[in-house]
Amino acid sequence: MSSRADKEKAVNVQVLLRCRPFSDEELRSNAPQVVTCNDYQREVAVTQTIAAKQIDRVFTFDKVFGPTARQRDLYDQAIIPIVNEVLEGFNCTIFAYGQTGTGKTYTMEGECRRAKSGPDGQLPSDAGVIPRAVKQIFDTLERQNTEYSVKVTFLELYNEEITDLLAPEEISKVALEERQKKALPLMEDGKGGVLVRGLEEEIVTNCNEIFSLLERGSAKRRTAETLLNKQSSRSHSLFSITIHIKEATPEGEELIKCGKLNLVDLAGSENISRSGAREGRAREAGEINKSLLTLGRVITALVEHLGHVPYRDSKLTRLLRDSLGGRTKTCIIATVSPSVHCLEETLSTLDYAHRAKSIKNRPEVNQKMMKSTLIKDLYGEIDRLKAEVYAAREKVGVYIPKDRYQAEENERKGMADQIEQMTVSLETNQKQISDLQEKYDSELQHSAELRKKLEATEVNNIFLISYDHFMFFML
Ligand SMILES: Nc1ncnc2c1ncn2[C@@H]1O[C@H](COP(=O)(O)OP(=O)(O)OP(=O)(O)O)[C@@H](O)[C@H]1O
């Protein structure tokens, strides 16, 4: 089998576990250690004492990184191959999941945002997955000495609303209320995916440009102070890098290869009451839960092979749909604390991550496009945008009041849900009909056999009766 065919087989979501070192506060309070990592055996053991009995629970993951693992270890061992696949034309997603303060942002971004690259273009040792991936991408592209383009988007999902973290300053400076009005709509793209309407796509030509964008975007992320972590982030963020690379066929035709890397930093997964969020933040907390709750339901539906997977129930799962059970290669980095204070949440993270290991995706390399087709598509896009600008400037487009638009949107959404439900029930009914048909056919066959047997018995009986009569007369 060819290597490409090999790669297009179903593959499990890769799940890594990282346990951070004790924090200063945990050290000060002498918090006992309940998590032990065995990086070589890829095992994590959690020790609990229930009714004076010590109970150990052991979980195995694709890779385990204990408190002494450096940013570089995690990147070199687990992420380099993923970024190589993106450069080969695959779509890949890496996301960090775990309780607040366990190191999701440290793992994904690290400390290099401000430091940028050091002397000789080296990254600081605390640099996380995003800066290292950016560096690997540009280093490889420059080495390949070919034409390429790299563009990035950076969005935040907060209270089920999408905000563009790369939007120009004047938009981000307005009050929160105004900002919420600027929430970007998530729409079906007509090809089975979704797109965020109006999201800025920034073309970047080197690492430092991406670092500045990342820094600009991260500064905009809303954070809320909680008891567990003063810098605690209450929102999900999605940083995407799309790469187009020019290739030439032996016949001299120019082709464009495209790969995309999604880097997702999820909001803290902990229980809301425990994290100290109260009344004023109830909605905020509730909505974060809605997305994470739906993510959990999607994972359950995929793992248990349920007919209906509730992707549509939250924006997070709509955005990540292709990464969960789709054609994208996915890696989840679950983060935990070693301390007894986080025991309950640690067990919940480990259970959650362990379940996610059974999700199967069917990664497919993106179709290469002919350069001429791509240019034609881009011209089409420019014409469409020109028409939109013209309609907005001259007010010759279709204008409807906002509430009517909202009502129509809701109606459309409701109908889409109905169609989805009807499709599921249609499939169930079709299955029932085919089962019944099978049963009917087998009954029919059975009755034909019985009829044959009956006829044979009747012939026998006539023969026996005639024989009896004959014997009677003879006597
Ligand atoms: N592996 C690690 N090594 C050293 N320090 C770490 C590690 N993981 C996390 N930290 C430190 O722990 C603190 C909390 O980490 P971080 O902010 O990344 O948590 P988080 O899970 O992203 O929290 P939130 O959900 O609130 O965003 C930070 O000060 C970070 O530098």
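Residues numbered from 1 in each chain as written. Predicted model: local features only at pLDDT ≥ 70, side-chain atom pairs only at ≥ 80, totals over all residues. Heavy atoms only, no water.

(A) Main features of the packing of helix α6 (residues 129-144) against helix α9 (residues 207-220). The contact between α6 and α9 brings their axes to 9 Å, and the two run at 155°. Comparing their axes, α9 and α6 come out roughly antiparallel. As α6 packs across α9, the resulting crossing turns out to be right-handed. Of α9, the residues touching α6 (which contributes Ile 130, Pro 131, Val 134, Lys 135 and Phe 138) are Cys 207, Ile 210, Phe 211 and Leu 214. For the contact of α6 with α9, the per-class residue count stands at eight nonpolar, no polar and one charged. (Axes fitted to C-alpha atoms, helices over the stretch in contact; angles between N-to-C directions. Helix = DSSP H or I, 4+ residues; strand = E, 2+ residues; numbered from the N terminus. Parallel < 35°, antiparallel > 145°, perpendicular 65-115°, else oblique. Left-handed = near helix turned anticlockwise from the far one by under 90°. Contact = heavy atoms within 4.5 Å. Nonpolar A, V, L, I, M, F, W, Y, C, P; charged D, E, K, R; others polar.)

(B) Structural view of the sheet that holds strand β4 (residues 43-50). Read across the open sheet, the three strands follow the order β3-β4-β5; overall the sheet is antiparallel. On the outer flanks of this sheet lie β3 (35-38) and β5 (53-60), each paired with one strand and no other. Neighbour-to-neighbour, the strand axes of the sheet open up by a mean angle of 20°, direction not taken into account. Where β3 lies against β4, four bridges are found, and the strand directions are antiparallel. Looking across to β4, one finds that Thr 36 is bridged to Ala 45. (Pairing = 2+ DSSP bridges.)

(C) A look at the nonpolar core. One finds Phe 61, Leu 295 and Leu 324 to be the most contacted residues of the largest nonpolar core, which totals 46 residues. Listing elements by their share of this core, those giving two or more residues are β2 (14-19), β4, β7 (91-98), β8 (148-158), α10 (282-303), α11 (315-319), β15 (329-336) and α12 (343-356). The leading source of residues in this core is α10, at seven residues. Residue contacts for Phe 61: discarding those within four places in its chain leaves Val 15, Leu 17, Arg 42, Val 44, Leu 350, Ala 353, His 354 and Lys 357. Listed in part, the 45 residues of the second largest apolar core include Val 83, Ala 127, Ile 245 and Val 365. (Core = buried A, V, L, I, M, F, W, Y, C linked by side-chain atoms within 4.5 Å. Buried < 20%, exposed > 50% of the residue type's maximum accessible area, 1.4 Å probe, protein only.)

(D) The environment of Thr 107, seen in detail. With respect to the helices and strands, Thr 107 occurs in helix α4 (residues 104-108). Under the relative-accessibility criterion, Thr 107 is labelled buried at 1%. In the structure, Thr 107 is positioned 11 residues away from Ala 96 in sequence and 7.8 Å away in space, judged by C-alpha atoms. Setting aside residues no more than four positions away along its own chain, Thr 107 makes contact with Arg 18, Gln 71, Leu 74, Gly 128, Val 129, Ile 333 and Thr 335.

(E) Seen up close, the pattern of salt bridges. Under the counting rule described, the total for this entry stands at 16 salt bridges. Taking the shortest distance from any N to any O, the salt bridge between Glu 201 and Lys 151 comes out at 3.5 Å. Taken together, the residues Glu 201 in the loop between β11 (194-196) and β12 (202-204) and Lys 151 in strand β8 connect sequence positions 50 residues apart. With relative accessibility at 49%, the residue Glu 201 sits in the partly exposed group. Taken together, the shared-partner salt bridges in this structure form one network comprising Glu 147, Lys 246 and Glu 254. (Salt bridge = Lys/Arg side-chain N within 4 Å of Asp/Glu carboxyl O.)

(F) Local environment of the packing of helix α3 (residues 71-88) against α6. The N-to-C vectors of α3 and α6 enclose an angle of 50°; their axes lie 10 Å apart at closest approach. Regarding the angle of α3 to α6, the classification is oblique. Viewed along their axes, α3 and α6 form a crossing whose handedness is right-handed. Packed against α3, whose contacting residues are Gln 71, Arg 72, Leu 74, Tyr 75, Ile 79, Ile 80, Val 83, Asn 84 and Leu 87, the element α6 presents Val 129, Arg 132, Ala 133, Gln 136, Ile 137, Thr 140 and Leu 141 at the interface. Residue classes in the contact of α3 with α6 are distributed as 10 nonpolar, four polar and two charged.

(G) Molecular detail of the confidence of the model for the protein. On average, residues of the protein score 81 in pLDDT, and 82% of them reach the 70 mark or higher. Counting interchain partners and residues more than four positions distant, the pLDDT-below-50 stretch residues 223-232 has 23 contacts. In the predicted structure, residues 272-280 sits below a pLDDT of 50 and forms 15 contacts with residues beyond four places in sequence or in another chain. (pLDDT = per-residue confidence, 0-100.)

(H) Seen up close, the environment of Asp 62. Mapping Asp 62 onto the fold places it in the loop between β5 and β6 (63-65). Each C-alpha atom, one on Asp 62 and one on Lys 357, is 8.4 Å from the other, the two residues being 295 residues apart in sequence.

(I) Examining the pairing of strand β9 (residues 161-164) more closely. When β8 meets β9, the two strands line up antiparallel, connected through four bridges. The partner of Tyr 158 across the bridge, within β9, is Glu 161. Counting the residues that bridge the hairpin from β8 to β9 gives two residues, and of these Asn 159 lies at a positive phi of roughly 50°.

(J) Spotlight on a nonpolar patch on the surface. Taken together, the side chains of Ile 375, Tyr 379 and Ile 382 make up a nonpolar region of the molecular surface, amounting to roughly 300 Å² of accessible area. Relative to the helices and strands, Ile 382 is located in helix α13 (residues 371-394). Looking at Ile 382, the relative accessible area reads 40%, which means it is partly exposed. (Patch = residues over 30% accessible without salt bridge, like charges linked within 9 Å, V, L, I, M, F, W, Y side chains within 5 Å. Areas by Shrake-Rupley, 256 points an atom, 1.4 Å probe, with all protein chains shown as cover.)

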